[in-house]
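# Structure at a glance
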Amino acid sequence: MKHRYIPMTETDREEMLSAIGIATVDELFDDIPEKVRFKGELKIKEAKSESALMKELAQLAAKNADARTYASFLGAGVYDHYKPVIVDHVISRSEFYTAYTPYQPEISQGELQAIFEFQTMICELTGMDIANSSMYDGGTSLAEAGTMAAGHTRRTKILVSETVHPEARDVVASYAAGQFIDVVTIPHKDGVTDMALLEELLDDNIAAVLVQYPNFFGQVEDIQKIGDITHDKGGLLVVSANPLALGVLTPPGKLGADITVGDAQPFGISEQFGGPHCGYFATTKKLMRKMPGRLVGETTDGEGRRGYVLTLQAREQHIRRDKATSNICSNQALNALAASVAMTALGKVGTKEIAYQNIAKTAYAKSAFEKAGFEVKYGGVHFNEIVVALKKPVREVNAKLLDKGIIGGYDLGLTYPELSNHVLIAVTEQRTKEEIDALVQEMEALHA
């Protein structure tokens with residue numbers, strides 16, 4: 001065999017060519033004019049042996065700066081959090097790792113129960129009535145919430161706070177364009193949604209207001225006040241919430257949220273170069289039949305035994321696309337399972353403890369930067385992130401930090417022009433006092 005992983009012999013090849021009535025593989029390309037066919041050798045490396053190739057790939061991989069060997073202060077939506085060892089052990093089991101659509105509940109009870117547990121824990125965290133089996137990620141969850149709100153209220157405009165993740169806002173805009181929904185951005189003031197402008201922009205055509213909790217700058221928004229203002233105009237309140245932060249923050253459901261969405265990445269899901277992750281979507285009983293995606297329900301079989309099935313799912317998502325309110329037919333079951341295992345392993349006490357550590361360590365970093373003479377923007381309670389002003393371009397500072405074994409923060413000038421030379425520093429429970437002190441010390445030296 002010419003290729004180890006393509007087990008086709010020359011006899012196999014000749015039999016296939018004979019079956020279709022040609023003598024050589026080249027005859028398959030007879031319809032392509034000779035003059036446009038490529039002649040010569042491709043400019044690629046020659047094939048190597050398996051052992052040589054593995055060695056080369058390992059050397060290339062070793063050039064990556066990752067959170068296992070570097071102290072990472074990069075967050076902006078994807079974070080380096082503690083991942084219980086049991087997570088990979090469970091999700092690597094073949095019955096979960098290779099599972100797909102559980103359309104046949106009689107042979108999918110394990111998968112369906114795992115999804116049901118995920119939904120239950122999301123409801124407990126968010127304070128909402130019902131959650132679906134997961135979405136693709138936090139950005140698409142938020143976009144689905146915006147279009148669902150427009151469909152429910154039959155209004156054509158949504159307001160999105162500027163403190164919502166910039167990439168999530170882009171996804172919202174993409175989804176809204178296809179539904180002919182206008183998206184209006186509410187500017188921020190001192191790192192939180194400008195309440196005065198929110199009230200000014202609200203009118204009788206607003207379907208929903210979309211906010212983040214904690215927001216992109218690590219600030220805690222006044223969700224209840226935003227909800228009251230929105231509901232007075234008949235709109236829905238959509239909250240994109242960090243599920244880990246809900247270990248200590250009041251759940252959005254208790255603050256008047258109609259829909260709560262977010263990304264489950266903080267629970268047991270690695271950064272993975274930005275994805276794949278797992279979005280969650282939770283809402284009230286009033287809106288549950290409008291909810292996109294799958295929903296697993298608990299029932300009993302003919303003999304009275306407990307069982308799980310897909311329920312309340314709008315079949316239009318599959319077969320009547322012109323009447324569908326959403327086109328999501330699948331979900332991130334494996335990553336949802338990872339989040340479920342992590343939440344189970346941590347429990348209520350562990351989740352609360354890690355959330356407190358994120359607040360405490362972020363507060364310590366803020367104090368350390370201020371003592372070193374840096375301006376830390378925005379007051380109030382911070383979760384995960386702080387905004388630090390620099391005298392030099394963030395890219396230049398981050399390049400120097402990388403040489404010291406530190407992954408720096410997010411360059412806010414990329415998405416907020418008024419915050420040029422400002423960096424978003426993320427501090428999770430994984431960062432030690434020594435690592436935080438080293439970051440401040442190195443940045444202080446660069447700042448001089």
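Residues numbered from 1 in each chain as written. Predicted model: local features only at pLDDT ≥ 70, side-chain atom pairs only at ≥ 80, totals over all residues. Heavy atoms only, no water.

Another aspect to go through is the sheet that holds strand β9 (residues 259-263). Pairing is mixed across the open sheet formed by seven strands, whose spatial order is β2-β10-β9-β8-β7-β3-β4. One side of each edge strand has no neighbouring strand; the edge strands of this open sheet are β2 (130-131) and β4 (182-186). Of the pairings in the sheet, the one linking strand β7 (residues 206-213) to strand β8 (residues 236-241) comprises six bridges and is parallel in character. In the strand pairing of β8, V211 is matched with V239. (Pairing = 2+ DSSP bridges. Helix = DSSP H or I, 4+ residues; strand = E, 2+ residues; numbered from the N terminus.)

What follows concerns the packing of aromatic side chains. Taken as a whole, this structure holds seven aromatic pairs when the rule is applied. Taking 5.0 Å as the distance between ring centres and 55° as the angle between the ring planes, the aromatic pair formed by F217 and Y416 counts as tilted. Residue F217 is found in the loop between β7 and α9 (223-232), and its partner Y416 is found in the loop between β16 (410-411) and β17 (422-426); the two are separated by 199 residues along the sequence. Taken individually, F217 and Y416 each receive the classification buried, so the pair is uniform in this respect. Among the aromatic residues, those joined into a cluster by ring pairs are F216, F217, Y378, Y410 and Y416. The ring of F73 carries R431 above its face, with NZ or CZ at 5.9 Å from the centroid. (Phe/Tyr/Trp six-rings, centres within 6.5 Å; stacked < 30°, edge-to-face > 60°. Buried < 20%, exposed > 50% of the residue type's maximum accessible area, 1.4 Å probe, protein only. Lys NZ or Arg CZ within 6 Å of the ring centre and 35° of its normal.)

Turning next to a negative patch on the surface. A cluster of acidic residues, E199, D222, D228 and D232, forms a negative patch at the surface. With respect to the helices and strands, D228 occurs in helix α9. (Patch = residues over 30% accessible without salt bridge, like charges linked within 9 Å, V, L, I, M, F, W, Y side chains within 5 Å. Areas by Shrake-Rupley, 256 points an atom, 1.4 Å probe, with all protein chains shown as cover. Salt bridge = Lys/Arg side-chain N within 4 Å of Asp/Glu carboxyl O. Lys, Arg positive; Asp, Glu negative; His and termini not counted. Charge placed at Lys NZ, Arg CZ, Asp CG, Glu CD.)

Following Y213, the chain continues to P214 via a peptide bond in cis, the omega torsion being -15°. With respect to the helices, strands and loops of the structure, P214 is situated in the loop between β7 and α9. With an omega of 5°, the peptide bond between G275 and P276 qualifies as cis. Counting through the fold element by element, P276 comes out in the loop between β9 and β10 (279-283). A positive phi angle, near 50°, is found at Q272, a position not held by glycine. Along the chain, Q272 turns up in the loop between β9 and β10.

Take the side chain of T362 next. Looking at the secondary structure, you find T362 in helix α10 (residues 333-371). Judged by its relative accessible area of 0%, T362 falls in the buried class. Here the side chain of T362 touches V427 through a polar contact of 3.3 Å, landing on its backbone oxygen. Residue contacts for T362: discarding those within four places in its chain leaves H382, F383, N384, E385, I386 and V427. (Polar contact = N/O pair within 3.5 Å; in protein donor to acceptor, adjacent residues only side chain to side chain. Contact = heavy atoms within 4.5 Å.)

Running from amino to carboxyl end, helix α5 (residues 109-126) crosses α10 at an angle of 55°, the nearest separation of the two axes being 9 Å. Comparing the axis directions of α5 and α10 gives the class oblique. Crossing of α5 against α10: the hand is left-handed. On α10, the residues touching E111, A114, E117, F118, M121, I122, E124 and L125 of α5 are A333, A336, L337, A339, S340, M343, T344 and K348. The residue makeup of the contact of α5 with α10, split by class, is 10 nonpolar, two polar and four charged. (Axes fitted to C-alpha atoms, helices over the stretch in contact; angles between N-to-C directions. Parallel < 35°, antiparallel > 145°, perpendicular 65-115°, else oblique. Left-handed = near helix turned anticlockwise from the far one by under 90°. Nonpolar A, V, L, I, M, F, W, Y, C, P; charged D, E, K, R; others polar.)

With that settled, the discussion passes to the pairing of β10. Look at any regular strand and the pattern is simple: side chains alternate between the two faces of the sheet. For β10, the buried fraction is high: five of the five residues fall into the buried class. Where burial is concerned, the two faces of β10 agree: the one with G279, F281 and T283 and the one with Y280 and A282 are both buried. Where β2 lies against β10, two bridges are found, and the strand directions are antiparallel. Across the sheet, the residue bridging to I130 is T283, located in β10. Inspection of the sheet shows β9 paired to β10 by five bridges, in the antiparallel sense. Within the sheet, the bridge partner assigned to D263 lies in β10 and is G279.

If the charged atoms of two oppositely charged side chains come close together, the side chains can form a pair. Applying the stated criterion across every chain yields a total of 16 salt bridges. E10 serves as the salt-bridge partner of R13, at 3.8 Å between the closest nitrogen and oxygen. Of this pair, R13 and E10 both sit in helix α1 (residues 10-19), three residues apart, which is roughly one turn of that helix. For R13, a relative accessible area of 31% corresponds to the partly exposed category. Here K39 makes a salt bridge to E34, at a shortest N to O gap of 3.4 Å. When salt bridges with common partners are traced through the structure, they connect D30, E34, R37 and K39 into a single cluster.

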